[in-house]
Amino acid sequence: MADPAFEQFKSQFKGDLVTPDAVDYQKAIARWAVNAQRRAKVVAFVKDEADVGLAIKYARNTGLPIAIRGGGHSPAAASSIEGGLVVDLSRYLNGARVEPEKRVVYVGGGALWDIVDSEAIKHGLATVGGTVNHTGVAGLVLGGGYGWLSPEHGLAIDNLIQATVVTADGSVLTASDTQNPDLFFGIRGGGCNFGVVTEFVLKLHPQRKTVYGGLMIFPPPALEKVVGVTSKWLEGAGEKEAMVQILTMTPDGNVSSYYQNPNVFHGQGIYMKGIAHRKPHFDSISKAFEHVQSVSGPEFKANMLFEYLPLSKISDVPANATAFRRDPTPSILVLGIWKTDTEANTERGRKVAHELAQIVKGGQDDMTETESLGYSNYDAEAVSGEKDSVPDKAKAVFADNYPRLQRIKKQYDPDNIFNKWFPITPA
């Protein structure tokens, strides 16, 4: 790639620029889900905000579409781009620094939750992260952020104090309640629509190192009792309680209901679809359970995760306080998982996920269309340019907050260069 524009970009860039002819190119475009990998023209491993600005400027001047990689955990390929430029924060902006006296943690935009958890707990502190610790901080926070501590402390965005954002024109801005408050509103649930977040400042809370929790496995005949006990527990669940239930196949080929998921790891094919439900419904869950069993085998597995996190703390925040749509409905994540990366397996994952979603939705007639959308970070239809993409889906996802987000988009990204995840039309 010996063109003058690229050479000038390279001479000013402090980080690493990886192109298809580089020996580490394949590693640079690899993702948690192998089917989310795309062949970028340039992967820019940025070292600081100046590098981010240079990468954005180069992409704009050369007409390259942009993707932003934090943790690279999106199976829908939100952090990948075919033939474009990836602003990758994972190599250099991946740390976490705790200030225990202030009870805050400064987190790089490319960090994973495990570094945040491990650094914070050294001081007897924690913040709201994901339900697994190998996800990226950026994607989870910018998309809302449910986690094990949500019943007590709300969403991840409710614990975001401040962020550093590089916008479309290369400006480096601080977003908080007092500085650029509109931008702060937008990034709390509006994803990567407004710029590249290089640092998050998150509130920490006292947290003991040991908790009562673990893995429980139930055989198929126990399903009705599990659903019944769950329904009763959910009615009075407190702020220090949470549960994730999974319909899945055990390693020996049996179907079981799990407390946590040992089947998902880096480098597999993954298809995710999010939906929601008002409460556990045995008939529809039982039908879904049967379908999980019928479609799963050694090469392909279907999983369903029911996230039972008491939501009162989240619902107490006004709907117009952040961009995120706060529904009073527990999330369900439908997963297709396979070993061999083929288009046929991806299509199979898509088909099975939609089938399972329809089965469970059949038992929730009292939900609104908006509520049934589920958690936006689980939505395969979020990513523009991909097969599942639904144009203007952002209108439904952001609901009443969408017009305000359009105005914020016009201010910070009028040309819509940040358009990978539920792109908002500037207005």
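Residues numbered from 1 in each chain as written. Predicted model: local features only at pLDDT ≥ 70, side-chain atom pairs only at ≥ 80, totals over all residues. Heavy atoms only, no water.

*Asks:* Would you explain the sheet that holds strand E3 (residues 66-69) in this entry?
*Replies:* Sheet strands pair via backbone hydrogen bonds, and the direction of the pair is either parallel or antiparallel. On the basis of which strands lie adjacent, the open sheet formed by four strands has the order E1-E2-E4-E3 and mixed pairing. The sheet is open, and its two borders are formed by strand E1 (16-18) and E3, each paired with just one other strand. Recorded for the sheet is a direction-independent mean angle of 20° between the axes of neighbouring strands. Bridge analysis of strand E2 (residues 42-45) against strand E4 (residues 85-88) gives four bridges, and the strand direction is parallel. Note on E4: the bridge partner recorded for Val-42 is Leu-85. Strand contacts of helix H3 (residues 49-62): E2, E3 and E4, with the helix running at about 170° to E4, the strand carrying the most contacts. (Pairing = 2+ DSSP bridges. Helix = DSSP H or I, 4+ residues; strand = E, 2+ residues; numbered from the N terminus. Axes fitted to C-alpha atoms, helices over the stretch in contact; angles between N-to-C directions. Contact = heavy atoms within 4.5 Å.)

*Asks:* Whenever I open this one, the sheet that holds strand E10 (residues 196-203) confuses me. Can you help?
*Replies:* On the basis of which strands lie adjacent, the open sheet formed by five strands has the order E5-E6-E10-E8-E9 and antiparallel pairing. The sheet is open, and its two borders are formed by strand E5 (96-99) and strand E9 (172-176), each paired with just one other strand. If you compare each strand with its neighbour and ignore which way they point, the axes differ by 15° on average. Direction of pairing for strand E8 (residues 160-166) relative to E9: antiparallel, over a ladder of five bridges. Bridged to Ala-163 within E9 is Ala-175. Contacting E8, E9 and E10, H3 crosses the sheet at an angle of about 50° to E8. Sitting on the sheet, helix H4 (residues 113-121) touches E5, strand E6 (104-108) and E10, and the angle it makes with E5 is about 30°.

*Asks:* What is the right way to read the pattern of salt bridges from this model?
*Replies:* Any two side chains of opposite charge can pair, given that their charged atoms come close. The tally for this structure, following the rule as stated, stands at 22 salt bridges. Taking the shortest distance from any N to any O, the salt bridge between Asp-16 and Arg-91 comes out at 2.8 Å. Taken together, the residues Asp-16 in strand E1 and Arg-91 in the loop between E4 and E5 connect sequence positions 75 residues apart. Given a relative accessible area of 23%, Asp-16 falls into the partly exposed group. Linking Asp-415 and Arg-60 is a salt bridge whose minimum nitrogen-to-oxygen distance equals 2.5 Å. On the criterion of sequence distance, the pair formed by Asp-415 in the segment after helix H13 (402-412) and Arg-60 in helix H3 is long-range, its members being 355 residues apart. Taken together, the salt bridges that share partners define one network made up of Glu-347, Arg-350, Lys-387 and Asp-388. (Salt bridge = Lys/Arg side-chain N within 4 Å of Asp/Glu carboxyl O. Buried < 20%, exposed > 50% of the residue type's maximum accessible area, 1.4 Å probe, protein only.)

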